[in-house]
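Listed here are the chains, written in short residue letters.
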Amino acid sequence: MSTGSQYLEAKTLLTPYWEEVRIILVGCGGTGSHTAYAISRLMVAVEAIGKKATAIFVDPDVVETKNLGRQLFTYADLGKNKALVLATRLNLSLGLNISVVPHKFNAEMVDYVSDKTLVVLVGCVDNAEARCAISQTLEGNSRYVRYSSDLSTIAPRIYWLDGGNEEHSGQVLVGCINEQELLTSVAFPEPEVCVALPSPSLQHPELLIPSVSSTVNTLSCAEMALQNTQSLSVNAHVAAWINEYLRQLLFGGLRKYATYFDLASGSCQSVYITKVLA
């Protein structure tokens with residue numbers, strides 16, 4: 001079956017009714033700095049349709065000289081917290097009120113979700129510890145997964161949108177349920193309607209396991225870029241896909257839950273929403 005046919009036959013994700021979206025960007029470095037700008041524009045678009053958009057940028061790191069080649073910072077930002085720099089810049093330029101957490105992310109940052117709020121955690125990190133913390137927030141979705149005559153009340157209210165990359169390739173994954181058994185029972189309350197997707201960690205359990213390469217290789221992504229071993233454009237590509245996934249998640253029309261690309265070969269492939277998930 002061709003990719004076009006797969007897309008046409010894919011189901012559309014139905015998110016719950018919401019009046020406010022809360023976007024939590026975890027990681028404001030290579031991919032995160034590009035994603036921050038996309039989030040700010042989407043916030044403006046959400047406000048334009050009469051809904052509320054809030055955002056929190058989370059990152060404990062400060063800007064270093066080695067970051068300037070591939071992250072959206074300047075020499076004037078050196079020594080300053082990455083999340084604070086981006087939030088300040090975007091708040092001033094677009095009249096937003098993005099909050100900042102200059103520390104590592106933990107699941108307690110998502111302590112309460114109202115019945116009118118949609119929470120999207122955007123992971124732009126490259127380590128298992130941070131992804132484990134993000135994954136824990138999805139445990140709160142179980143109380144929203146219930147059968148009802150109103151399909152908009154069944155869908156979970158916390159989504160994890162994750163972006164990752166290697167030297168020349170990358171992937172973007174989105175989901176909200178960590179347990180395959182629960183996913184199987186609630187994902188399709190009606191044949192043509194999908195209300196839940198496998199979490200990034202259910203799609204790829206290895207995301208929560210520290211990789212051997214990360215413990216052996218002492219070079220950061222920024223340092224690899226300086227040595228020309230990592231594409232300077234790969235992070236922007238990941239961020240562009242995150243932007244599109246987030247747009248469709250908020251405004252409707254999402255028919256896929258994973259996209260993989262390779263800049264060296266020019267290939268790109270998505271996994272569409274069908275009865276076979278994860």
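Quick caveat: nothing in here was measured; it's all calculated off a predicted structure. Counting from 1, residues in each chain are numbered in the order their sequence is written. Confidence filtering applies because this is a predicted model: local features only for residues at pLDDT of at least 70, side-chain atom pairs given and counted only at 80 or more, and all residues used for totals across whole chains, interfaces and linings. Values reported for side chains reflect all heavy atoms of the structure, with hydrogen atoms and water molecules removed beforehand.

Visitor: Help me get a handle on the sheet that holds strand β4 (residues 99-101), residues and values and all.
Guide: By the convention used here, strands pair only if DSSP detects at least 2 bridges between them. Think of it this way: any DSSP run of H or I at least four residues long counts as a helix, any run of E at least two long counts as a strand, and we number them from the N terminus. Read from one edge of the open sheet, eight strands run β4-β3-β2-β5-β6-β7-β9-β10, paired in mixed fashion. The strands lining the two open edges of the sheet, one partner per strand, are β4 and β10 (267-272). Averaged over all pairs of adjacent strands, the angle between strand axes in this sheet comes to 15°, irrespective of strand direction. Note that strand β2 (residues 20-26) and strand β5 (residues 117-123) share seven bridges and pair parallel. Within the sheet, the bridge partner assigned to Val-26 lies in β5 and is Gly-123. Contacts are assigned to residue pairs that have any heavy atoms within 4.5 Å of one another. The angle between two axes is taken between their N-to-C directions and runs from 0 to 180 degrees, where each axis is a line fitted to C-alpha atoms and a helix contributes only its stretch in contact. Contacting β2, β3 (52-58), β5 and β6 (158-165), helix α2 (residues 30-48) runs over the sheet at an angle of about 165° to β3. Sitting on the sheet, helix α3 (residues 82-94) touches β3 and β4, and the angle it makes with β3 is about 150°.

Visitor: Which residues make up α2, and what values do they have?
Guide: Multiplying 1.5 Å by the residue count of a helix minus one yields the expected span of that helix. Between its first and last C-alpha, α2 extends 29 Å over 19 residues, near the 27 Å set by a 1.5 Å rise per residue. Of the residues one or two after α2, Gly-50 is the one with positive phi, at around 85°.

Visitor: Tell me about the packing of α2 against α3, and please be specific about residues and values.
Guide: Two measures define how a pair of helices packs: the angle their axes make with one another and the distance between the axes. Axis separation between α2 and α3 bottoms out at 11 Å; the angle between their running directions is 30°. Relative to α3, the element α2 is oriented roughly parallel. Judged by the sense of rotation from one axis to the other, the crossing of α2 with α3 is right-handed. Residues Ser-33, Ala-36, Tyr-37, Ser-40, Arg-41 and Val-44 of α2 form the contact with α3, whose own contacting residues are Leu-86, Arg-89, Leu-90 and Leu-94. Three categories are distinguished: nonpolar for Ala, Val, Leu, Ile, Met, Phe, Trp, Tyr, Cys and Pro, charged for Asp, Glu, Lys and Arg, and polar for the others, with Gly belonging to the last. In terms of residue class, the contact of α2 with α3 is built from six nonpolar, two polar and two charged. Here is the rule for angles: anything less than 35 degrees is roughly parallel, anything more than 145 is roughly antiparallel, 65 through 115 is roughly perpendicular, and the remaining ranges are oblique. Definitions for this section: a left-handed crossing has its near helix turned counterclockwise from the far helix by less than a right angle. A right-handed crossing has that turn clockwise.

Visitor: How would you summarise the nonpolar core if you had to cite specific residues and measurements?
Guide: Nonpolar cores were defined as sets of buried Ala, Val, Leu, Ile, Met, Phe, Trp, Tyr and Cys residues, with membership established by side-chain atoms within 4.5 Å. In this scheme, a residue with accessible area under 20% of its type's maximum is buried, one over 50% is exposed, and one in between is partly exposed, where area comes from a 1.4 Å probe on protein chains only. Residues Ile-39, Phe-57 and Leu-277 are the most contacted members of the largest nonpolar core, which totals 57 residues. No other element matches the seven residues that helix α9 (residues 234-251) contributes to this core. Setting aside chain neighbours within four positions, we find Phe-57 in contact with Leu-25, Cys-28, Ala-36, Ile-39, Ala-83, Leu-86, Ala-87, Leu-90, Ile-98, Ser-99, Val-100 and Val-101. Listed in part, the 16 residues of the second largest apolar core include Ile-24, Val-58, Leu-121 and Val-125.

Visitor: Pulling in residues and values, what's your account of the pairing of strand β9 (residues 256-262)?
Guide: Along any regular strand the residues' side chains alternate between the sheet's two faces. Most of β9 is tucked away, with five of its seven residues classed as buried. By the bridge criterion, six bridges tie β9 to β10 in an arrangement that is antiparallel. Directly across from Phe-261, in β10, lies its bridge partner Cys-268. Remark: four residues form the turn of the hairpin made by β9 and β10, two consecutive strands paired antiparallel; Gly-266 in that turn has positive phi of roughly 80°.

Visitor: A description of the packing of α2 against α9 should follow, citing residues and the corresponding values.
Guide: Look at α2 against α9: their axes get within 8 Å of each other, and the N-to-C directions meet at 25°. Here α9 runs roughly parallel to α2, going by the angle between their axes. For the pair α2 and α9, the crossing hand works out as right-handed. On α9, the residues touching Gly-30, Thr-31, His-34, Thr-35, Ala-38, Ile-39, Leu-42, Ala-45 and Val-46 of α2 are Asn-235, Ala-236, Val-238, Ala-239, Ile-242, Asn-243, Leu-246, Arg-247, Leu-250 and Phe-251. Looking at the contact of α2 with α9, its residues break down into twelve nonpolar, six polar and one charged.

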